[in-house]
Amino acid sequence: MSRVYNFSAGPGVLPETVLARARDELLEWDDAGASVMEISHRSKDFLGIAEQTENDLRVLLGVPEHYKVLFLQGGATLQFAMVPMNLLGGKKVADYINTGHWSRKAMAEAERFTNVHIGATSEDSKFTTVPPQSSWQLHPDTAYVHFTPNETIGGLECHWTPDTGDVPLVADMSSTILSRPIDVSKFGVIYAGAQKNIGPAGVTVVIVREDLLGKTAASAPSLFDYQKQAENGSMMNTAPTFAWYMSGLVFEWLKELGGLSVMAEINERKASKLYACIDGSAGFYKNQIDPTCRSRMNVTFTLAQSQLDAVFLKRAQEAGLVALKGHRSVGGMRASIYNAMPEKGVDMLVDFMVSFQQRHA
Ligand SMILES: *Cc1c(COP(=O)(O)O)cnc(C)c1O
């Protein structure tokens, strides 16, 4: 077996110990006599897994009592629609902060349900900055404010939590959730597709403040109703049991590691090493993002000599460093260094980048 260092943006790397445990438990979970994939989502065994998984996530993130935690399907993309369906409550406008690709996707979907008001945008800087809160101009009758704390494609991260007062703050945390401690009480809704920092694709975590429930548009399908999902323990229909179980193993792994403050230190160290390599390359590699807004999860960079892109990727692959190609919309390279990317993988990438530069500069 030769597992590579996988810098994929999503689905991304999973902790090897988690995969090994899932393998060991694959044919028979505990004493169930069957795989976790083969048992009823309503069985005592699976309900135990589901409850433990939710509890561990609550502990890791410090989710207050008055928030519901949902395990849904449809990815973050379905939340682009479910957020307005559930939160508008008769209001006619919602604010969106535009920091790049995923913000724009969220806005485009919300347009189907409401008037999107752009509270702030960093389009002028080609999405290399996060608009400071002092520049935000929210609509006076906005239902909520939506933002994307980590733009996975651009490699742009908001390192502070906006304060929107009484207006619910909604965050698409798909590519940053669990990378560092957050204060959940500052948010109305947090959502994240699992396949970056939580587990395998197929489950979506939604954390919603209870007082925001019950405003769902009457026409919304019942599966898309946060309140109904909350009342039914996210099991109105067959739950994505295997992805849910795998997420639980990832949460256990994070708890054993020491929780999110330990994870944050490791993530900071990993990202700093990569940015230091880029900044120290005398322009051979370049990161376009404002240094105060650089992502700790998705490190984007270009090669000054873009004709070297293909050979960079080829040599990296030969060195066991894969999926470094940047998103087609931005080009260049992107190293996604999610929680499960071992620090060793980042060290190997830095060594590779230094020697690649020595050979080609
Ligand atoms: C990956 C990603 C999405 C899309 O997630 P799906 O689960 O594929 O719908 C949305 N937002 C952000 C920030 C992402 O990184």
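Definitions and limits used
Residues numbered from 1 in each chain as written. Predicted model: local features only at pLDDT ≥ 70, side-chain atom pairs only at ≥ 80, totals over all residues. Heavy atoms only, no water. Phe/Tyr/Trp six-rings, centres within 6.5 Å; stacked < 30°, edge-to-face > 60°. Helix = DSSP H or I, 4+ residues; strand = E, 2+ residues; numbered from the N terminus. Buried < 20%, exposed > 50% of the residue type's maximum accessible area, 1.4 Å probe, protein only. Contact = heavy atoms within 4.5 Å. Near = heavy atom within 4 Å. Polar contact = N/O pair within 3.5 Å; in protein donor to acceptor, adjacent residues only side chain to side chain. Areas by Shrake-Rupley, 256 points an atom, 1.4 Å probe, with all protein chains shown as cover. Nonpolar A, V, L, I, M, F, W, Y, C, P; charged D, E, K, R; others polar. Pairing = 2+ DSSP bridges. Axes fitted to C-alpha atoms, helices over the stretch in contact; angles between N-to-C directions. Domains from an automatic or database assignment. Buried area = accessible area lost by both parts, 1.4 Å probe. Salt bridge = Lys/Arg side-chain N within 4 Å of Asp/Glu carboxyl O.

1. Describing the packing of aromatic side chains
Part 1: Inspection of the entire model under this criterion finds 15 aromatic pairs.
Part 2: A centroid spacing of 5.1 Å and a plane angle of 85 degrees characterise the contact between F312 and F356, whose relative ring orientation is edge-to-face. You can see F312 sitting in helix α8 (residues 309-318) and its partner F356 sitting in helix α9 (residues 343-360), a full 44 residues away along the chain.
Part 3: Overall, the relative accessible area of 1% leaves F356 in the buried class.
Part 4: An aromatic cluster of at least three residues, connected via ring pairs, comprises F284, Y285, F301, F312, F352 and F356.

2. Overview of the environment of T164
Part 1: Checked against the element boundaries, T164 lands in the loop between β7 (156-157) and β8 (169-172).
Part 2: A relative accessible area of 11% places T164 in the buried class.
Part 3: Counting along the chain gives 19 residues from T164 to V145, while the straight-line C-alpha distance between them is 7.6 Å.
Part 4: Discounting chain neighbours no more than four positions away, the residues touching T164 are Q133, W136, L138, V145 and L169.

3. Comments concerning the site of the ligand
Part 1: The local shell around the ligand holds 13 residues, among which T77, T152, D172, Q195 and K196 are the closest.
Part 2: In this structure, an oxygen atom belonging to the ligand sits 2.5 Å away from a side-chain N or O atom of T77.
Part 3: A distance of 2.4 Å is found between an oxygen atom of the ligand and a side-chain nitrogen or oxygen belonging to T152.
Part 4: About the coverage of the ligand: the protein hides 87% of its 390 Å² of free accessible area.
Part 5: The biggest single contributor to the shell around the ligand is helix α3 (residues 75-87), with 4 residues.
Part 6: For the shell around the ligand, the residue count by class is 3 nonpolar, 8 polar and 2 charged.

4. Side note on the sheet that holds strand β14 (residues 333-336)
In any sheet, the strands associate via hydrogen bonds between backbone groups, in a parallel or an antiparallel arrangement.
Part 1: Judged by pairing direction, the sheet is antiparallel, and its 3 strands sit side by side in the order β11-β12-β14 without closing on themselves. Edge positions in the open sheet fall to β11 (285-286) and β14, since each of these has one partner strand only.
Part 2: As judged from the 2 bridges shared by β11 and strand β12 (residues 298-303), these two strands associate in the antiparallel manner. Each residue of the ladder has a partner; that of K286, found in β12, is T302.
Part 3: Strands in contact with helix α7 (residues 260-279) are β11, β12 and β14; relative to β12, the strand with the most contacts, it is inclined by about 15 degrees.

5. Side note on the domain arrangement of the protein
Part 1: When the domains of the protein are assigned, the result is domain 1 (17-257) and domain 2 (259-360).
Part 2: Summarising the inter-unit geometry, the C-alpha centres of domain 1 and domain 2 are found 27 Å apart.
Part 3: Of the residues lining the interface, 27 residues belong to domain 1; the matching set on domain 2 comes to 27 residues.
Part 4: When the buried surface of domain 1 facing domain 2 is broken down by residue, I153, H159 and L257 rank first, second and third, together holding 23% of it.
Part 5: Summed over the shared surface of domain 1 and domain 2, the result is 0 salt bridges.
Part 6: There are 13 residue pairs in polar contact (both at pLDDT 80 or more) connecting domain 1 and domain 2.
Part 7: Elements that contribute at least two residues to the side of domain 1 that touches domain 2 include exactly α2 (44-61), β7 and α6 (241-257).
Part 8: With 4 residues, the top contributor of residues to the side of domain 1 that touches domain 2 is α6.
Part 9: Among the residues making up the side of domain 1 that touches domain 2, the classes are represented as 11 nonpolar, 12 polar and 4 charged.

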